[in-house]
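One letter stands for each residue in the lines below.
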Amino acid sequence: MDLEAIDPRRVPAHIACVMDGNGRWAEKRGLPRTAGHAAGEEALYEVVNAAIDLGIKWLTVYAFSTENWKRPPDEVRWLLNFNEQSLLRRQAELHERGVRIRFAGRRDRKVPRRLVRRMDDASALTADNRTLTFTIAFNYGGRAEIVDAVRKLVADGVPANRIDERAIARHLYDPDMPDPDLVIRTSGEHRISNFLLWELAYSELFFTEVLWPDFRGEHLVEAVREYQQRERRFGAI
Ligand code: IPE
Ligand code: IPE
Ligand code: MG
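Thresholds, definitions, all that
Residues numbered from 1 in each chain as written. Chains lettered and ligands numbered in written order. Predicted model: local features only at pLDDT ≥ 70, side-chain atom pairs only at ≥ 80, totals over all residues. Heavy atoms only, no water. Helix = DSSP H or I, 4+ residues; strand = E, 2+ residues; numbered from the N terminus. Rg over C-alpha atoms; globule rule 2.2 N^0.38 Å. Buried < 20%, exposed > 50% of the residue type's maximum accessible area, 1.4 Å probe, protein only. Contact = heavy atoms within 4.5 Å. Near = heavy atom within 4 Å. Polar contact = N/O pair within 3.5 Å; in protein donor to acceptor, adjacent residues only side chain to side chain. Areas by Shrake-Rupley, 256 points an atom, 1.4 Å probe, with all protein chains shown as cover. Nonpolar A, V, L, I, M, F, W, Y, C, P; charged D, E, K, R; others polar. Pairing = 2+ DSSP bridges. Phe/Tyr/Trp six-rings, centres within 6.5 Å; stacked < 30°, edge-to-face > 60°. Axes fitted to C-alpha atoms, helices over the stretch in contact; angles between N-to-C directions. Parallel < 35°, antiparallel > 145°, perpendicular 65-115°, else oblique. Left-handed = near helix turned anticlockwise from the far one by under 90°. Salt bridge = Lys/Arg side-chain N within 4 Å of Asp/Glu carboxyl O.

Peer 1: Explain the overall build of the protein here, please?
Peer 2: Secondary structure assignment for the protein yields seven helices and six strands. The order of helices and strands in the protein, counted from the N terminus, is β-α-α-β-α-β-α-β-α-α-β-β-α. A globule of 237 residues ought to have a C-alpha radius of gyration of about 18 Å, and the protein, at 18 Å, matches this closely. Relative to its full complement of 237 residues, the protein shows a buried share of 51%. Long-range contacts, defined as pairs at least 24 residues apart, comprise 78% of the intrachain contacts of the protein with a sequence gap of at least 6.

Peer 1: Mind showing me how you'd approach the site of ligand 1 here?
Peer 2: Taken together, Met19, Asp20, Gly21, Asn22, Gly23, Arg24, Arg33, His37, Ala63, Asn68, Arg71 and Leu79 are the residues near ligand 1. Between ligand 1 and Gly23, the relevant distance is 2.9 Å, taken from an oxygen atom to a main-chain nitrogen or oxygen of the residue. Taking 380 Å² as the accessible area of ligand 1 by itself, protein coverage stands at 86%. Elements represented by at least two residues in the shell around ligand 1 include exactly α1 (22-28) and α2 (33-54). Top contributing element to the shell around ligand 1 by residue count: α1, with three residues. Here the shell around ligand 1 is built from residues that sort into three nonpolar, five polar and four charged.

Peer 1: Where do I start with the site of ligand 2 in this structure?
Peer 2: Looking at ligand 2, the residues that line it are Val18, Met19, Asp20, Tyr62, Ala63, Phe64, Asn68, Arg71, Arg185, Arg191 and Ser193. Measuring from an oxygen atom of ligand 2, one finds a side-chain N or O atom of Asn68 at 2.9 Å. Notes on ligand 2: free accessible area 390 Å², of which the protein chains cover 78%. For the shell around ligand 2, the element with the highest residue contribution is strand β2 (residues 58-65), accounting for three residues. For the shell around ligand 2, the per-class residue count stands at five nonpolar, two polar and four charged.

Peer 1: Explanation requested: the side chain of His171 in the structure shown.
Peer 2: Checked against the element boundaries, His171 lands in the loop between α6 (165-170) and β5 (182-185). Assessed through its relative accessible area of 15%, His171 is described here as buried. Looking at His171, its side chain comes within polar contact range of the main-chain oxygen of Ala167, at 2.8 Å. Discounting residues that sit within four places of it in the chain, His171 has contacts with Ala149, Lys152, Leu153 and Asp156.

Peer 1: Which parts of the structure should I look at to understand the pairing of strand β3 (residues 99-104)?
Peer 2: One face of the sheet, then the other: side chains in a regular strand alternate in exactly this way. When you tally the buried positions in β3, you get five out of six residues, the bulk of the element. Inspection of the sheet shows β3 paired to strand β4 (residues 132-140) by six bridges, in the parallel sense. Counterpart to Phe103 in the pairing with β4 is Ile136.

Peer 1: Would you mind showing me how to read the packing of aromatic side chains here?
Peer 2: Within a pair of aromatic rings, the relevant descriptors are the distance that separates the centres and the angle that separates the planes. Summed over all chains, the structure comprises 10 aromatic pairs. Measuring from ring centre to ring centre gives 6.0 Å for Tyr62 and Tyr140, while their planes differ by 80 degrees; the resulting arrangement is edge-to-face. In this pair, Tyr62 sits in strand β2 while Tyr140 sits in strand β4, placing the two residues 78 residues apart along the sequence. Here Tyr62 and Tyr140 have matching classes, each one buried. When the centroid spacing of 5.2 Å and the interplanar angle of 15 degrees are considered together, the rings of Trp212 and Phe215 count as stacked.

Peer 1: Quick question: what am I supposed to make of the packing of α2 against helix α3 (residues 73-96) here?
Peer 2: How two helices pack is summed up by the angle between their axes together with the distance between the axes. Where α2 contacts α3, the axes come no closer than 11 Å and their chain directions differ by 25 degrees. With respect to their mutual orientation, α2 and α3 come out roughly parallel. Taken as a pair, α2 and α3 cross one another with a handedness that is right-handed. Note on element contacts: α3 touches α2 through Glu75, Trp78, Leu79, Phe82, Ser86, Arg89, Arg90, Glu93 and Leu94, opposite Arg33, Thr34, His37, Ala38, Glu41, Glu42, Tyr45, Val48 and Asn49. For the contact of α2 with α3, a count of residues per class yields seven nonpolar, four polar and seven charged.

Peer 1: Would you mind showing me how to read the pattern of salt bridges here?
Peer 2: Side chains bearing opposite charge may pair, as long as their charged atoms lie close to each other. Under the counting rule described, the total for this entry stands at 28 salt bridges. In this structure, the salt-bridge partner of Arg33 is Glu27, at a minimum N-O distance of 3.6 Å. For Arg33, a relative accessible area of 31% puts it in the partly exposed group. Here Glu27 falls in the partly exposed class, since its relative accessible area comes to 48%. Across the salt bridge formed by Asp174 and Arg102, the nearest N and O atoms sit 2.7 Å from each other.

Right, dumping it as C-alpha cells:
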C-alpha cells in the first residue's frame with residue numbers, strides 16, 4: 001500500500017462502503033453467486049486493516065439491505081449464515097486490532113435470533129476498543145432508519161415544534177456516528193440504494209468499476225487520494 005501520496009492530517013474520519021458486485025464477480029468465473037459473497041470476505045477484512053493503517057476512525061459497510069430480502073430464499077439463507085460465520089471467524093482478530101464492532105439496521109423478526117445474539121456478543125466484546133469503529137449495516141435501509149427515528153420521537157412525546165435536524169439525528173441507529181466524509185461504491189453502479197440517506201447529505205461520492213471481491217487496500221488509498229483533491233463547501237463559498 002502506497003501511503004506516500006496521502007496527507008495524514010486530512011484523511012476522512014468516516015468512510016462508508018457499498019460492497020457491490022459479488023454476484024457479477026462469480027458469474028464471470030462461471031461460479032454460483034454465493035462464491036462471490038464468500039470471496040468478498042477477504043476484501044472486507046483487507047479494507048478494515050487498510051483503514052486502520054490510514055488512521056481512519058470510522059468505517060461503515062453495507063452488508064445486507066432491507067431490500068435484499070427480495071432475493072431468492074436460498075441466497076438470503078446463505079447470506080444470513082455466512083454473515084454469522086464470518087463474524088465468528090473474524091471477531092477475535094478484530095478485537096486484537098482494537099476494532100469496535102457495531103451494527104446498524106432493523107432487528108425485526110426476519111433476522112434470526114441466533115444472529116442477533118452473535119451481533120450483540122461481538123459488540124459487547126469490542127465495546128471498549130477505540131482504534132476503529134467498524135459498523136456493519138445489516139437489514140439496513142436509510143428510509144427505515146428515518147422512519148424508526150420519527151417513531152421514537154413520537155413515542156417519546158416530543159412536540160412538533162421541538163423536532164429539528166438535531167432531534168432526528170439524535171434518534172438514528174447510532175447517534176455517536178459522525179456523517180460519512182466519503183462513500184465508496186464498487187462495481188460501476190452509480191446509485192445509493194437506500195444507504196445512509198440522512199447521513200450522506202454532504203458526503204463525497206467515489207465510484208469505481210472494481211468488483212467488491214477484487215477491492216483491496218490500494219483501492220481504498222486511491223479513493224482517499226481522490227477525496228483529498230475534492231473541495232468540500234457545505235453550501236458555503
Ligand atoms: C453485493 O453484491 C452483496 C450484497 C448485496 C449482499 P451483489 O450480490 O449485489 O452482486 P451483484 O450486484 O449482483 O453483482
Ligand atoms: C446494495 O447493493 C446493498 C448492499 C451492498 C448490501 P444491491 O446490489 O442490493 O443494490 P441494487 O439492487 O443494485 O440497487
Ligand atoms: Mg448488487
